[in-house]
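Listed here are the chains, written in short residue letters.
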Amino acid sequence: MMESLAPNIFTNDMKATLAFYKLLGFKTTMSVPESGDDLVWAMMVNGSVTLMFQTYESLADELPDISRTDGGSLLLYISLKNIRSFFEQIKDKVTVLKGLEKTFYGATEFSIKDNNGYVLTFAEHE
């Protein structure tokens, strides 16, 4: 039985990626190496959401099939509470693709683009 999913998102700029996700309230819990500015992998957590980030170069020889295109065809759907407050907190600091909107299935959502081109949709099911 599966227990969890933690996407490993590839980046060309680890420092900028960690700064972007810190802006969203994530905290770094592990990294390789454990300290310094030349990280090749990091795990970040916000509540029960875990994301991992890794440089393309760190797996280039081991997994050459990993796409070198930023963004990929992937959307991360993140559920949270107090979406309006969160949106107000970050809207002027990120690229908003779709503002707050009530969906036909009852969720309030908005979508942004991260610094690597990935789409993040935040949703609150009220």
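Below: a short report on this structure. Keep in mind that what you see is a predicted model, and the values were worked out from it rather than measured.

### Observations concerning the overall build of the chain
Here is step 1 of the chain: In terms of regular secondary structure, the chain is built from three helices and eight strands.
Here is step 2 of the chain: Its helices and strands in sequence order give the chain the pattern β-α-β-β-β-α-β-α-β-β-β, from N to C terminus.
Here is step 3 of the chain: Radius of gyration (C-alpha) of the chain: 15 Å, near the 14 Å computed for a compact globule of 126 residues.
Here is step 4 of the chain: Projecting the C-alpha coordinates of the chain onto the three principal axes gives extents of approximately 45 × 30 × 30 Å.
Here is step 5 of the chain: Among the 126 residues that make up the chain, the fraction classed as buried is 37%.
Here is step 6 of the chain: A separation of at least 24 residues holds for 50% of the contacts in the chain among residues at least 6 apart in sequence.
Here is step 7 of the chain: Of the roughly 7,800 Å² that the chain leaves accessible, carbon and sulfur atoms contribute 53%.
Here is step 8 of the chain: In the chain, 11 side chains carry a positive charge and 17 a negative one; their mean positions are 10 Å apart.

### Details of the nonpolar core
Here is step 1 of the chain: In terms of nonpolar packing, the biggest core is built from 28 residues, with Y21, L24, F53, F110, I112, L120 and F122 touching the most fellow members.
Here is step 2 of the chain: Discounting chain neighbours no more than four positions away, the residues touching L120 are F20, Y21, L24, L76, F110, S111, I112 and D114.

Calculation rules
Residues numbered from 1 in each chain as written. Predicted model: local features only at pLDDT ≥ 70, side-chain atom pairs only at ≥ 80, totals over all residues. Heavy atoms only, no water. Helix = DSSP H or I, 4+ residues; strand = E, 2+ residues; numbered from the N terminus. Rg over C-alpha atoms; globule rule 2.2 N^0.38 Å. Buried < 20%, exposed > 50% of the residue type's maximum accessible area, 1.4 Å probe, protein only. Contact = heavy atoms within 4.5 Å. Areas by Shrake-Rupley, 256 points an atom, 1.4 Å probe, with all protein chains shown as cover. Lys, Arg positive; Asp, Glu negative; His and termini not counted. Charge placed at Lys NZ, Arg CZ, Asp CG, Glu CD. Core = buried A, V, L, I, M, F, W, Y, C linked by side-chain atoms within 4.5 Å.

Everything listed here is a matter of coordinates, which is why it stays silent on function.
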